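Below are the chains, spelled out letter by letter.
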Amino acid sequence: MEFIKGIQKKETTELADLLTGAYTGKTVAVSGAVHTIRDMGEVSFIILRKAEGLIQCVRERSPEGAAQPSADDLKEESTVIVTGTVSPEPRAPHGLEIRVLEIRVLSVPAEVLPIAVSKWKLNTSLETKLALRPITLRNPMERAKFRIQEGIVRGFRDFLHSQHFTEIRTPKIVARGAEGGSNVFRLDYFNKKAELGQSPQFYKQTMVGVYDRVFEAAPVFRAEKHNTTRHLNEYTSLDFEMGYIDGFEDVMAMETAMLQYVMKLLSEEYEKELLMLNVTLPDVSKIPAVTFKRAKELVSEKYSRPIRNPYDLEPEEENLIGRYFKEEFGSDFVFVTHYPSKKRPFYAMDDPRDPKYTLSFDLLFRGLEITTGGQRIHDYDAIIKKMEARGMDPEELVSYLMIFKYGMPPHGGLGIGLERLTMRLLNEQNVRETTMFPRDVTRLEP
């Protein structure tokens, strides 16, 4: 009988260990995929791709009759274990190379790659990149995008843990969407009507009554028939909800501090990827805030654009607001507060000074909305009254209204679109560039 006692030490050495310098002059075994091969005659350069980056392996041509494969026999995307001596080499990736003694082939691709992923940048259309996504994601530049996205989620999670938030998991199959309306994916759930969740809103509010402060990073679904550069039908929402707030300004302050933490983490631990993608991190030491009404007036005055819709921000207006605050205050971010009540969900708290507006906000990043948040109604009678004023039947949301009936603290929260945030951070022009496997009105695979 065998007993499994935990991770067994492997015979191979990882790149992070090699970078310590402790293995210089020593013989090591390194696993990886053959990223590219440059045959120079008597010497060949075999570049291995690992999760952390590339490793250059240098090999002299094998003598006749050698048991191990020659450079001619190796194929790109073969997975191998290379055994060799670690040597300093300033011109190689990470300043080191492996002088090859032996190569053991683990697997060989059945066909030649349909696109050269070893090129520094994929000079192809977005459509081709998405159609061949399982392969194109192996390209160094594509990999770097999602490493940075990993850093954003990691920073979001670590910061909120430090602020005494509890991470939760909420259902994505729901009886009713939090936002209402027709933009929901409906499904048959054992002969009952169900939907894919548009937001974890009801559940994260519920859990404020349990843990005071909660967060989640998870997918949400919107059945919008938009085919734009900024919309997806499935995206990752970074949500948090916090109780015992003095006002929605507490939520904006928490997001600002979270962004400061994320940018610091990226600068310290994702410098390689930032340099690779030529990304300059934005200054988030302070973020200006302006009311919805005043923001529309400012861009109308400065850019001679008439206000067409007094109750919503058009994409062009969002872009001009971002431009205004960059030009006037040097800020890539701006909070737009006090959105009209008719454009916010029923659970948004109205401004007691002017109930036409709500205690809510959006955060724009370089002219694109990446966050929606605000203070929620916490009083049972108040939320029933607002639902009835909107022609809603409280009986349809009995389980949600239970939390208010039995007591809730003042609370608020937000949701951040991860792919949009990454898109703007990397200066990409299409949100699909920063989505691993996009789901939109035309794409259901790969």
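Residues numbered from 1 in each chain as written. Predicted model: local features only at pLDDT ≥ 70, side-chain atom pairs only at ≥ 80, totals over all residues. Heavy atoms only, no water.

Asker: So what exactly am I meant to see when it comes to the pattern of salt bridges here?
Answerer: Close approach of charged atoms lets side chains of opposite charge pair. Going through the model one piece at a time under the given rule, you end up with 43 salt bridges. The shortest N-O distance in the salt bridge between Glu-327 and Arg-323 comes to 3.0 Å. Separated by 4 residues within a single helix, Glu-327 and Arg-323 lie in helix H9 (residues 315-329), roughly one turn from each other. Its relative accessible area of 43% is what places Glu-327 among the partly exposed residues. Arg-432 is the partner of Asp-440 in a salt bridge, and the nearest nitrogen-oxygen pair spans 2.6 Å. With relative accessibility at 5%, the residue Arg-432 sits in the buried group. (Salt bridge = Lys/Arg side-chain N within 4 Å of Asp/Glu carboxyl O. Helix = DSSP H or I, 4+ residues; strand = E, 2+ residues; numbered from the N terminus. Buried < 20%, exposed > 50% of the residue type's maximum accessible area, 1.4 Å probe, protein only.)

Asker: Any chance you could explain the packing of helix H5 (residues 201-211) against helix H11 (residues 398-405) here in plain terms?
Answerer: Angle between the axes and distance between the axes: these two values describe a pair of packed helices. Interhelical geometry of H5 versus H11 gives an angle of 30 degrees and a closest axis separation of 10 Å. Comparing the axis directions of H5 and H11 gives the class roughly parallel. In the packing of H5 onto H11, the handedness of the crossing is left-handed. From H5, Phe-202, Gln-205 and Thr-206 reach across to H11, where they touch Tyr-400, Ile-403 and Phe-404. Classifying every residue of the contact of H5 with H11 by side-chain character gives 4 nonpolar, 2 polar and no charged. (Axes fitted to C-alpha atoms, helices over the stretch in contact; angles between N-to-C directions. Parallel < 35°, antiparallel > 145°, perpendicular 65-115°, else oblique. Left-handed = near helix turned anticlockwise from the far one by under 90°. Contact = heavy atoms within 4.5 Å. Nonpolar A, V, L, I, M, F, W, Y, C, P; charged D, E, K, R; others polar.)

Asker: Got a minute to help me understand unusual backbone geometry in this structure?
Answerer: Peptide bonds are mostly trans, and most non-glycine residues show a negative phi. Pro-446 follows Glu-445 through a cis peptide bond whose omega is 0 degrees. Mapping Pro-446 onto the fold places it in the segment after helix H12 (418-425). The phi torsion at Asn-427 lies on the positive side, around 60 degrees, for a residue other than glycine. Tracing the chain through its elements places Asn-427 in the segment after H12.

This is a description of form; function is not addressed.
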